[in-house]
Amino acid sequence: MGFIDTIKERAKADKKTIVLPETEDRRTYEAAAQILKEGIADLILVGSEKAVAEVGQGLDLTGAVIVDPATSDKTPAYIDKLVELRQAKGMTREEAEKLLLNNYLYYGVMMVKMGDADGMVSGACHSTADTLRPSLQILKTKPGTKLVSAFFLMVVPNCEYGADGTFIFADSGLEQNPDPEKLAAIAASSAESFELLVQKEAVVAMLSHSSKGSAKHADVDKVVEATRIAKETHPELKLDGELQLDAAIVPSVGASKAPGSEVAGKANVLVFPDLDAGNIGYKLVQRLAKAEAYGPVTQGIAKPVNDLSRGCSAEDIVGVVAITSVQAQVK
Ligand SMILES: CC(C)(COP(=O)(O)OP(=O)(O)OC[C@H]1O[C@@H](n2cnc3c(N)ncnc32)[C@H](O)[C@@H]1OP(=O)(O)O)[C@@H](O)C(=O)NCCC(=O)NCCS
Ligand SMILES: CC(=O)OP(=O)(O)O
């Protein structure tokens, strides 16, 4: 069974309730119909009955719960809670009310915060910043984690590298220019995410344009320092750097560029030095190698809220909902 089919089976085994707030986008309904048909998750659609009927026309959405912020009896409690959470940042009751009635992404995150849903997936028609900011502000990091970051789960066809073509690429969605401490934290979170979702041992490469000192530059120094911190804070991990991409995943190149490394040639978790590299890298592999690309999936957040690319298909939304459900199963 392939990666996403296994994830769907795991999601079905302990069904979670996932919010889809982008009811203005037809792909939300195409995905919802498939999720409900396959029994992957219970769904809440945030929007008016009229919008759901219009944009979702012709699709079987039986079983989806539609919540309209304008009429839901839970909205006043969400407003109270949002004011409580954000008043130190200057949010007034009027602002909280306006936000929750007009921005369904904030509403969906409040549903997750209040325990009325287990997770949320959005981003088909909103930017990553607009999708993730509400969750960063309201849900915050999970205990023991300082940083939220985001990865793509990549499934590359006909590929012998990584875990039979399955990789995590991080950070490909959120942290724009992580310093060495943040890069080390991204590496540790990504290893944990890989083991949760792929159920195989993570082998983590800290990527660079240099392998083991072959180039000299401040950018290389950053990755070397991140590798040192990650090894010190997580000695249990199979992790090495700095490595070029070929040295990280191709055994013969790894053996020649980084002899003796337990990671070189075997990496399945690829930690990119910054968001330019991570975001461009995942899109290259998705578009040119025709890889499945699920994400950006967040890690380090108190409850799962995951993003999508605006270029996503309905099938991608189904996959990210299944991944979100599996993340929500973790107590
Ligand atoms: C997500 C993003 C908007 C957060 O940016 P920001 O400018 O820090 O936003 P804010 O300052 O409003 O921060 C919102 C809150 O989230 C917190 N936060 C931001 N980044 C965080 C992180 N990585 N981990 C944990 N908390 C974080 C902030 O501390 C802040 O909390 P507070 O309001 O309670 O003080 C920003 O990192 C971003 O734009 N990233 C790039 C996204 C993108 O375009 N990706 C490419 C396509 S996938
Ligand atoms: C992940 C990502 O790049 O998102 P978008 O394509 O929406 O910018």
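Since the model is a prediction, treat every value here as computed from it, not as a measurement.

Quick notes on the rules
- Residues numbered from 1 in each chain as written.
- Chains lettered and ligands numbered in written order.
- Predicted model: local features only at pLDDT ≥ 70, side-chain atom pairs only at ≥ 80, totals over all residues.
- Heavy atoms only, no water.
- Near = heavy atom within 4 Å.
- Polar contact = N/O pair within 3.5 Å; in protein donor to acceptor, adjacent residues only side chain to side chain.
- Areas by Shrake-Rupley, 256 points an atom, 1.4 Å probe, with all protein chains shown as cover.
- Nonpolar A, V, L, I, M, F, W, Y, C, P; charged D, E, K, R; others polar.
- Phe/Tyr/Trp six-rings, centres within 6.5 Å; stacked < 30°, edge-to-face > 60°.
- Helix = DSSP H or I, 4+ residues; strand = E, 2+ residues; numbered from the N terminus.
- Buried < 20%, exposed > 50% of the residue type's maximum accessible area, 1.4 Å probe, protein only.
- Pairing = 2+ DSSP bridges.
- Contact = heavy atoms within 4.5 Å.
- Axes fitted to C-alpha atoms, helices over the stretch in contact; angles between N-to-C directions.
- UniProt positions renumbered as here; feature names shortened; annotations may be inferred.
- pLDDT = per-residue confidence, 0-100.
- Parallel < 35°, antiparallel > 145°, perpendicular 65-115°, else oblique.
- Left-handed = near helix turned anticlockwise from the far one by under 90°.

Visitor: Give a detailed account of the site of ligand 2, specifying residues and quantitative values.
Guide: Residues in close proximity to ligand 2 include T128, F152, N279, Y282, K283, P296, S309 and R310, which together make up its full environment. N279 is positioned such that a nitrogen or oxygen atom in its side chain is 3.0 Å from an oxygen atom of ligand 2. Note that an oxygen atom of ligand 2 is positioned 2.8 Å from one of the side-chain N or O atoms of K283. For ligand 2, the protein covers 86% of the area, taking 260 Å² as the surface of the free molecule. For the shell around ligand 2, a count of residues per class yields three nonpolar, three polar and two charged.

Visitor: Describe in detail the packing of aromatic side chains, supporting the description with residues and values.
Guide: In total, this model carries five aromatic pairs according to the counting rule given. Taken together, a centroid distance of 3.6 Å and an interplanar angle of 10° make the contact between F152 and Y282 stacked. On the criterion of sequence distance, the pair formed by F152 in strand β5 (residues 149-155) and Y282 in helix α12 (residues 275-288) is long-range, its members being 130 residues apart. No difference in accessibility class separates F152 from Y282, as the two residues are buried. Their ring planes at 65° and their centres at 6.1 Å tell us that F167 and F169 sit as a pair that is edge-to-face.

Visitor: Run through the sheet that holds strand β1 (residues 17-20), naming residues and quoting values.
Guide: An order of β3-β2-β1-β4-β11 is seen for the five strands of this open sheet, with the pairing classed as parallel. Of all strands in the sheet, those bounded by a partner on one side alone are β3 (65-67) and β11 (305-306). As judged from the four bridges shared by β1 and strand β2 (residues 42-46), these two strands associate in the parallel manner. The partner of T17 across the bridge, within β2, is D42. Each of β1, β2, β3, β4 (119-121) and β11 is contacted by helix α6 (residues 104-113), which is oriented at about 155° to β4, the strand it contacts most.

Visitor: If you had to explain the UniProt feature "domain: Phosphate acetyl/butaryl transferase" (unreviewed entry) in the chain to someone new, which residues and values would you point to?
Guide: Mapped onto this numbering, the UniProt entry gives "domain: Phosphate acetyl/butaryl transferase" (unreviewed entry) at residues 3-324. Secondary structure over residues 3-324 splits into 45% helix and 16% strand, and the C-alpha atoms at its two ends are 14 Å apart.

Visitor: Talk me through the confidence of the model for the chain; I want residue IDs and the actual numbers.
Guide: When pLDDT is averaged along the chain, the result is 96, and 100% of the positions lie at 70 or above. ipTM for the predicted complex: 0.96, alongside a pTM of 0.96.

Visitor: Which residues make up the sheet that holds strand β10 (residues 292-299), and what values do they have?
Guide: Spatial strand order, β8-β7-β9-β6-β5-β10: six strands in an open sheet with mixed pairing. Unpaired on one side and paired on the other, β8 (238-243) and β10 mark the two borders of the sheet. Neighbour-to-neighbour, the strand axes of this sheet turn through a mean angle of 20°, independent of strand direction. Pairing geometry for β5 and strand β6 (residues 166-170), over five bridges, is antiparallel. Looking at β6, one finds that L153 is bridged to I168. Where helix α9 (residues 218-233) meets the sheet, its contacts fall on β7 (203-207) and β8, and the angle it forms with β8 comes to roughly 165°.

Visitor: Can you explain the environment of N102? Please cite residues and give values.
Guide: Tracing the sequence through the fold places N102 in helix α5 (residues 93-102). Remark: the alpha-carbon pair of N102 and T75, spanning 27 residues in sequence, is separated by 12 Å.

Visitor: Give a description of the site of ligand 1 that names residues and reports values.
Guide: Around ligand 1, a shell composed of 18 residues is seen, among which R86, K89, K140, V148 and E175 lie nearest. E175 is positioned with one of its side-chain polar atoms (N or O) 2.7 Å from a nitrogen atom of ligand 1. Relative to its unbound accessible area of 940 Å², ligand 1 is 66% covered by the protein chains. Going through the elements one at a time, α7 (128-138) and α12 are the ones with two or more residues in the shell around ligand 1. With five residues, the single largest contributor to the shell around ligand 1 is α7.

Visitor: Would you mind going over the environment of E262 in detail, with residue names and values included?
Guide: Structurally, E262 is set in the loop between α11 (251-257) and β9 (269-271). Residues E262 and D240, 22 residues apart in the sequence, show an inter-C-alpha distance of 7.7 Å. Contact partners of E262, with chain neighbours within four places excluded, come to V203, L237 and K238.

Visitor: Lay out the packing of helix α8 (residues 180-198) against α9 with the relevant residues and their values.
Guide: The N-to-C vectors of α8 and α9 enclose an angle of 55°; their axes lie 8 Å apart at closest approach. For the element pair α8 / α9, the angle class is oblique. Of the two possible hands of crossing, α8 and α9 adopt the one that is right-handed. Residue-level contacts link P180, E181, L183 and A184 of α8 to K222, V223, E225, A226, I229 and A230 of α9.

Visitor: Can you break down the environment of T131 residue by residue, with the values?
Guide: With respect to the element layout, T131 can be found in helix α7. Here the alpha-carbon distance between T131 and A322, two residues 191 residues apart in the chain, equals 18 Å. Non-local contacts of T131, meaning those with residues more than four positions away in its chain, are made with L105, S122, G123, H126, N306 and D307.

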